[in-house]
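Report on the structure
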Amino acid sequence: MNIEKVNSMDFGEFVDVFGNVIERCPLIAAAVWSQRPFSDLEDLEKHFFAFIDALPQSGQEGILRCHPDLAGREQQRGTLSAESQREQSGAGLTSLGADERQQLAKLNAQYRARFGFPFVLAARLSDRAAVPGELERRLHSQPAQELRTALGEVKKIGHLRLADLLDADSSRL
Ligand SMILES: NC(=O)N[C@H]1NC(=O)NC1=O
């Protein structure tokens, strides 16, 4: 899909296609549509990220809370979004043994208790072996720093999803 195609989309089509670039936050795509035309993919991505950066802290935390836990209940129930399912399964998080799943559930709960939002990590840039260590490491962050780190992960996830949709080389976008 090229940028001319993106710029020609009506509101409904744009939100259908880009509504989950930021997990379960179609409102962001809805707001970005108003800012067309986009000069290129990078410009499109910039608008998604600028929206996130401009939110008050409560809105930024709201975005994080829209993310399902890694290897959590939604995955077990089969209610993940298609994108999240693909990402978690690619990282091996859908085939954990009971012990690994329990360990992760415990760490996820500790993280949520400390920060008030779920642990978010771009699963496609990680794997099942690395996730628990990363979670433990971030559990010791200061809250303000951790909010920035988590939003950085949301942007990495969005970057890869956008690149997929536009069929671009994600390292170039
Ligand atoms: N909790 C969390 O990080 N969830 C996400 N990460 C990712 O790569 N896809 C998700 O849904």
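Residues numbered from 1 in each chain as written. Predicted model: local features only at pLDDT ≥ 70, side-chain atom pairs only at ≥ 80, totals over all residues. Heavy atoms only, no water.

**Concerning the site of the ligand**
Taken together, Pro68, Leu70, Ser84, Glu87, Phe119, Val120, Leu121, Ala122, Ala123, Ile157 and Arg161 are the residues near the ligand. Proline 68 places a main-chain nitrogen or oxygen 2.8 Å from a nitrogen atom of the ligand. Contact between the ligand and alanine 123: an oxygen atom at 2.8 Å from a main-chain N or O atom of the residue. Among the elements of the structure, helix H7 (82-90) and helix H10 (143-166) are those that each provide at least two residues to the shell around the ligand. Residues that form the shell around the ligand fall into these classes: eight nonpolar, one polar and two charged. (Near = heavy atom within 4 Å. Polar contact = N/O pair within 3.5 Å; in protein donor to acceptor, adjacent residues only side chain to side chain. Helix = DSSP H or I, 4+ residues; strand = E, 2+ residues; numbered from the N terminus. Nonpolar A, V, L, I, M, F, W, Y, C, P; charged D, E, K, R; others polar.)

**Here we look at the environment of leucine 44**
Assignment of secondary structure puts leucine 44 in helix H4 (residues 41-54). C-alpha separation for the pair leucine 44 and glutamine 110, spaced 66 residues apart in sequence, amounts to 36 Å. In this structure leucine 44 touches Val6, Phe14, Phe18, Val32, Phe38, Leu162 and Leu166, once residues within four positions along its chain are discounted. (Contact = heavy atoms within 4.5 Å.)

**A word on the confidence of the model for the protein chain**
The share of residues in the protein chain with pLDDT of 70 or more is 97%, and the mean pLDDT across the chain is 95. Complex prediction metrics read pTM 0.95 and ipTM 0.99. (pLDDT = per-residue confidence, 0-100.)

**Concerning the UniProt feature "domain: Oxo-4-hydroxy-4-carboxy-5-ureidoimidazoline decarboxylase" (unreviewed entry) in the protein chain**
UniProt feature "domain: Oxo-4-hydroxy-4-carboxy-5-ureidoimidazoline decarboxylase" (unreviewed entry): in the numbering of this structure it lies at residues 7-163. Helix and strand shares over residues 7-163 are 66% and 0% respectively, and the end C-alpha atoms of the span are 16 Å apart. (UniProt positions renumbered as here; feature names shortened; annotations may be inferred.)

**What to know about helix H2 (residues 11-18)**
Among the residues of H2, those classed as buried are Phe14, Val15 and Phe18. Looking down the long axis of H2, one finds its buried residues gathered within 95° of arc, a one-sided arrangement. Where the residues of H2 are buried, they touch helix H1 (3-8), helix H3 (26-33), H4 and H10. Measuring from the backbone nitrogen of glycine 12 back to the side-chain oxygen at the start of H2 gives 3.2 Å, which picks out aspartate 10 as the cap. (Buried < 20%, exposed > 50% of the residue type's maximum accessible area, 1.4 Å probe, protein only. Arc of directions from axis to C-beta.)

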